[in-house]
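# Topology and contacts: notes
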Amino acid sequence: MTGPAAGAGEPQLPDVFDPRGYVDGLPHTAYRFLRDRHPVAWQEEHEVLGWPAGPGFWAVTRHADVVRVLKDARTFSSCLGATQIRDPDPADLPFIRRMMLNQDPPDHGRLRRAVSRAFTRGRIDRFEAVVRQRARGLLAAAVDTARREDGVCDLVGAVTDDFALLNLADLLGVPPGERGLLLDWTRRVIGYQDPDEATPAETGPDGRPADPRSPAMLQDMFAFARELAAHKRRHPGDDVMTTLASDAELAVPELEMFFFLLTIAGNDTVRSAAPGGLLALARHPEAYRGLRTGAVGMPTAVEELLRWHPPVLSFRRTAAYDTELAGRSVRAGDKVVVFHGAANYDERVFAAPHRLDLTRSPNPHVSFGDGPHVCLGAHLARLQLRVLYEETCRLLPTLEVAAPPRRLVSNFIHGLKSLPLRLHRTLVRNCGAGPE
C-alpha cells in the first residue's frame, strides 16, 4: 500500500489475514460477508505469531474479481512483490524473482515451456501405474494399522503424506535414501506459521522468525538440487530432473528454483488436497456411496472435492498501475490478495455452494488458479487424486471421522496435520476405479 489513507473510513471488517483463523476450516461467514458487502476489502496486516506487521493489502473474495486479477498479469504483477502476502526482505527479492511463480510474461512463459517438456505423455502414463500401486499399498497398510488400534488410523500420517511425497520423488528421480528431505523442506517452507511445524532453526539472529524462502534458508535444498542434477547428467533416468539437468537453456539458478518449486508446490498441492477430499467424503456418506457404486463419475467428483477443499488459500499480486477493482481505487504498489476458498463458494457462480455435489458441472473453481500462472502440475495432481479416491472406493466401504482433524495454522496452505478415520476393509470392484 502506498499510504495509510487508502484504508481510511473502512468499517470493521472480518480478518481473513490471521493464520489462526483457518484452524477450524475455511471462514465461510467472513468470506460471505466480504463477498456480499466488501468484495475488495482493505485488510490490516498486523503482527502475528512473531511475524512483524506489514503495510496491509486488498482482499479479493468474489469469483469474477479473483479471476480478473489472476488473468491480468499486466496490471496485477507476480514479479513486483512476489506472490506471498508477507513482503520479502528487499535484499531477497531479486533472488525470489528467479522462480517462475514470481515472474510475469514473457519471462514466465519461457521457463514454463522448459519444464512442460519434462512431462511427456509416456512418462505420465508410467507414472499412473506407479501411483496406483502406491495408493493400494498405503491404504492396505492403513487398514492393518487400524485393526491393531481399535479401527482408527490417521490417514495423513499413514497415507496422504507418503502418497504425495513418494509420488513426487519418483517423478523427480530422487534416490530412495534422500526422499525424507523433500518432506522436511516442505514443512519448513509451508508450515512456518504453525507452532507445531516450525522449528527453532527458523528463528533469525534478531529473535524474529527467519523467512523460510530467503536464500540463507534454502542453501541446503539448492546444494542438493545441484548434486542431483550432476548425478542425472552422469546417470540419466526417466525422470523430470534428468530432463531439466540436460536442458542447455536453463541456468543453474533457474534449475535450483525449479527444484524448489516442484518440491514444495508439487508435494503440498496433493498433500493438502488429498486428505481434504477424504474428509469431505467421510462427512458426506451418501456422496461417498454414490462414488463407490459408480452412480457418480470420478472426474466430476475430483473437481468438486477440489472446489470444496482448495489446497491453496491465497495468492498475492502487486498492482503495477493505478486501477479500479470492484469499485475500489487500487494504487500502484498496493498488495492485492485473492482468496481461492472464498471464490470457490461464491453464490454468484456456484448454485448451493455449501452442498457437496459430486456431479456438479460445469465447475469453474479456482483451486489451481487461473490465467498465465494456472498450476503447471494440475493434470498430475488430478491424476494422483483420482487414483487415490478410486483405490479408496475399492478398499474401504465406509469412511467415518473418528476424531476432529487438526489443521495447519496458515493463511496460505489449506493443510491437514491429522485425519483420524475409522476404517473397515472390503474389496470393491466397481466405482470406475480403473484396471485391477
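So, a few notes on the structure that sits alongside this text. Here the structure is a predicted model, which means the values were calculated and not measured.

Definitions and cut-offs
- Residues numbered from 1 in each chain as written.
- Predicted model: local features only at pLDDT ≥ 70, side-chain atom pairs only at ≥ 80, totals over all residues.
- Heavy atoms only, no water.
- Helix = DSSP H or I, 4+ residues; strand = E, 2+ residues; numbered from the N terminus.
- Contact = heavy atoms within 4.5 Å.
- Polar contact = N/O pair within 3.5 Å; in protein donor to acceptor, adjacent residues only side chain to side chain.
- Buried < 20%, exposed > 50% of the residue type's maximum accessible area, 1.4 Å probe, protein only.
- Pairing = 2+ DSSP bridges.
- Axes fitted to C-alpha atoms, helices over the stretch in contact; angles between N-to-C directions.

## A few points about the environment of T392
Topologically, T392 is positioned in helix 14 (residues 378-395). Residues T392 and R136 lie 256 residues apart in sequence; the distance between their C-alpha atoms is 8.0 Å. Discounting chain neighbours no more than four positions away, the residues touching T392 are L139, L278, Y288 and L399. Polar contacts involving the side chain of T392 include one to the main-chain carbonyl oxygen of L388, which spans 2.7 Å.

## Topic: unusual backbone geometry
Cis geometry marks the peptide bond from P105 to P106; its omega dihedral reads 5°. Mapped onto the secondary structure, P106 falls in the loop between helix 3 (93-96) and helix 4 (107-116). With an omega of 0°, the peptide bond running from S361 to P362 counts as cis. Structurally, P362 can be placed in the loop between helix 13 (340-344) and helix 14. A positive phi angle, close to 70°, is found at A82, a residue other than glycine. Along the chain, A82 turns up in the loop between strand 3 (76-77) and helix 3. Of note, A352 is a non-glycine position whose phi angle comes to about 45°, a positive value. One can find A352 in the loop between helix 13 and helix 14.

## Some words on the side chain of T263
Among the structural elements, T263 can be located in helix 10 (residues 252-283). We classify T263 as buried; its relative accessible area is 0%. Setting aside residues no more than four positions away along its own chain, T263 makes contact with L168, L172, L182, W185 and T186.

## Some thoughts on the sheet that holds strand 3
The mixed open sheet is built from five strands, whose spatial order is 1-2-8-5-3. Unpaired on one side and paired on the other, strand 1 (40-43) and strand 3 mark the two borders of the sheet. Where strand 5 (residues 314-319) lies against strand 8 (residues 335-339), five bridges are found, and the strand directions are antiparallel. Within the sheet, the bridge partner assigned to R316 lies in strand 8 and is V337. Most of the contacts of helix 2 (residues 63-71) go to strand 8, to which it runs at about 125°, and overall it touches strand 2 (57-60), strand 3, strand 5 and strand 8.

## Description of the pairing of strand 1
Of the two faces of strand 1, the one carrying V40 and W42 and the one carrying A41 and Q43 are both buried. Bridge count for strand 1 against strand 2 is four bridges, and the pairing is antiparallel. Residue Q43 lies in a different strand from strand 2, and its bridge partner there is F57.

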